[in-house]
Amino acid sequence: MDLNELHGRYRPYQLFVLPCSGPLKPSVGMAKKSQATWGGRFSRSPADLMLTFSESVSFDYRLAPYDIAVSRAHSAMLRHVGLISQREMRAIHKGLNALEARIADGKFKWNPALEDVHMNIEQALTKIAPEAAKLHTARSRNDQVATDSRLFLKEASRKLIDLLHRLQRAILSIADSNQNISIPGYTHLQRAQPVSVAHHLLAYVEMFDRDINRYERVAEDANWCPLGSGALAGTTLPIDREFVARELGFIDKRGRARVTTNSMDAVADRDLFLDFGHACALSSIHISRIAEDIILWNSSEFGYVELPDAFCTGSSLMPQKKNPDSLELLRGKSGRIVGSLQALYTMVKGLPLTYNRDLQEDKVQTFEAFDQLELCLQVLEGTIGGVVFKKSNCSKAVADPALLATDLADWLVSEGVAFRDAHHVVGALVAKAEELNVNLNAVPDLEAKAIHPKLRGAWREVFDLQRALKNREGIGMPGPKQIRKQLNRWKKRYAD
Ligand code: ARG
């Protein structure tokens, strides 16, 4: 069968075509009068090509729950200040409830010709409740989308924090159960000094804890309500911004409303998206680093761990293969998430105040980063939970006395030798061991003494792994008591 025919038959990519896209018709514009909410000053509708190009409902439909909440609060405020009647507000709320249910059931038909989630909902609402023609009083899509987005970012941050908590618990559990296993710690990917597996894993607990702080900050900074900023210069109508803020939960710890304080900044600002994007990028980089560590540990060359079958795949050709695909994808996906941040930076750079349509692209990147990270955190949790350390391989790797060369230098210091001299002495001992092709602690007395007079007798006691670890009980070091202390501290922090 020829390839063209094959393509013609299967076209798998068609499966992924968005519902609102399709063959582009670059017509210059239809004769029909525009049906858009802004259609008043237009005599023609946008070209199909323009609609396809500019619609955002294919991705911003997921702001619908926030958009509805915002409309509920806004109409309650309009009623509160007397811009609409009680009856009108009730009709709007009833309509919003009905739409909310229809959207949640997946029965709402999104229309790309109506551009975005805001106009889709407003038009559908007006059909159910003609009173909704008053809903857009004293607001613009610019402050509306800024408000929806803040609500989304608050919730997205909370979700990622929850997932990070779960991941932390998974790492803590495996660190806890492998406290007694030691491996070489590496610098330059060269065996450097012994550490316990728990110490290595707790390094990631620190990183993910900092990530959690970052999302806490995003949620905190998102907690200012921009609604009422209008298109860019507020409104002449007598609105009550604090009322809306309270309705939507934009409040401080004492229940006081938090509203943004510059209408131009409020509609042009995308700092939060960048903060969130940065937090996601950094989490993905932490994920990528732990994935890489475990990939290395899993290789035959290291042989420190066995991975769970459920998160590995085989080779279609080589029957013996069990590949660490979940970890490789975690490492790879960081590229996407970092890319989203880069796209956001580039989008905002050089934009004049205030709102520009470029800003619509913020959601594509933010949703992408969030969705991928949400998956990555769960996959990492699942993979980590099934990692089994191979004790004997780890013991063999960590048994190399050369890993304790620095401990020997420290011992010489405790014997009164200056550290720089001690470093040279041990360096000479290492060279001698290599020359004689023996382990560092097996250089014969005669040769050792010739290098430094202190190197007789007691120096060999340094080469005891347990003793070496017990000598490192300072804060943040890999001594067993210190590790237990750190583990307990984290376990308390992440207790269910
Ligand atoms: N879909 C738009 C966005 O996400 C909403 C704001 C549109 N505002 C406007 N002036 N065209 O940015």
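Caption draft 1: Local environment of the packing of helix 7 (residues 141–177) against helix 13 (residues 362–385). Relative orientation of the contacting elements helix 7 and helix 13 amounts to 15 degrees, with a least axis distance of 9 Å. Taken together, the axis directions place helix 7 and helix 13 in an arrangement best described as roughly parallel. Of the two possible hands of crossing, helix 7 and helix 13 adopt the one that is left-handed. Here the residues of the contact of helix 7 with helix 13 are counted per class, giving 17 nonpolar, 2 polar and 5 charged.

Caption draft 2: The arrangement of the environment of Pro352 in detail. Here Pro352 lies in the loop between helix 12 (325–348) and helix 13. Judged by its relative accessible area of 49%, Pro352 is partly exposed. Here the alpha-carbon distance between Pro352 and Ala268, two residues 84 residues apart in the chain, equals 8.6 Å.

Caption draft 3: Inspection of the site of the ligand at higher detail. In the vicinity of the ligand, the residues found are Ser56, Asp60, Asp116, His118, Arg141, Asn142, Val145, Tyr355, Gln360 and Lys363. Between a nitrogen atom of the ligand and a side-chain N or O atom of Ser56, the distance comes to 3.4 Å. One of the side-chain nitrogen or oxygen atoms of Lys363 is found 2.6 Å away from an oxygen atom of the ligand. In the complex, 86% of the free accessible area of the ligand, which totals 340 Å², lies under the protein chains. Sort the elements by how many residues they give to the shell around the ligand and helix 7 lands first, with 3 residues. For the shell around the ligand, the class distribution of residues is 2 nonpolar, 4 polar and 4 charged.

Caption draft 4: Spotlight on unusual backbone geometry. Geometrically, the link from Leu353 to Thr354 is a cis peptide bond, its omega value of 5 degrees lying close to zero. Among the secondary structure elements, Thr354 is positioned in the loop between helix 12 and helix 13. Unlike most non-glycine residues, Leu189 shows phi in positive territory, near 55 degrees. As for its placement among the helices and strands, Leu189 is situated in the loop between strand 1 (182–187) and strand 2 (190–196). At Asn437, a residue that is not glycine, the phi angle is positive and equals roughly 60 degrees. Note that Asn437 resides in the loop between helix 16 (419–436) and helix 17 (445–451).

Caption draft 5: Structural view of the pairing of strand 1. Note that strand 1 and strand 2 share 6 bridges and pair antiparallel. Residue pairing in the sheet places Tyr186 in a bridge with Arg191 of strand 2. Counting the residues that bridge the hairpin from strand 1 to strand 2 gives 2 residues, and of these His188 lies at a positive phi of roughly 55 degrees.

Caption draft 6: How the structure looks around the environment of Gly382. The topology assignment puts Gly382 in helix 13. A residue is classified by how much of its surface remains accessible, and Gly382, at 26% relative accessible area, is partly exposed. For the pair Gly382 and Ala170, spaced 212 residues apart in sequence, the C-alpha to C-alpha distance is 8.2 Å. For Gly382, the contacting residues outside a window of four places in its chain are Pro308 and Phe311.

Caption draft 7: Broad picture of helix 6 (residues 117–128). Spanning 12 residues, helix 6 covers 17 Å between terminal C-alpha atoms, matching the ideal 16 Å at 1.5 Å per step. For helix 6, the buried fraction is high: 9 of the 12 residues fall into the buried class. If you check which residues of helix 6 are buried, you get Val117, His118, Met119, Asn120, Ile121, Glu122, Gln123, Ala124 and Leu125. Against the buried residues of helix 6 lie helix 3 (57–60), helix 4 (64–80), helix 5 (86–104) and helix 7.

Conventions and cut-offs
- Residues numbered from 1 in each chain as written.
- Predicted model: local features only at pLDDT ≥ 70, side-chain atom pairs only at ≥ 80, totals over all residues.
- Heavy atoms only, no water.
- Axes fitted to C-alpha atoms, helices over the stretch in contact; angles between N-to-C directions.
- Helix = DSSP H or I, 4+ residues; strand = E, 2+ residues; numbered from the N terminus.
- Parallel < 35°, antiparallel > 145°, perpendicular 65-115°, else oblique.
- Left-handed = near helix turned anticlockwise from the far one by under 90°.
- Nonpolar A, V, L, I, M, F, W, Y, C, P; charged D, E, K, R; others polar.
- Buried < 20%, exposed > 50% of the residue type's maximum accessible area, 1.4 Å probe, protein only.
- Near = heavy atom within 4 Å.
- Polar contact = N/O pair within 3.5 Å; in protein donor to acceptor, adjacent residues only side chain to side chain.
- Areas by Shrake-Rupley, 256 points an atom, 1.4 Å probe, with all protein chains shown as cover.
- Pairing = 2+ DSSP bridges.
- Contact = heavy atoms within 4.5 Å.
- Expected span 1.5 Å × (residues − 1).

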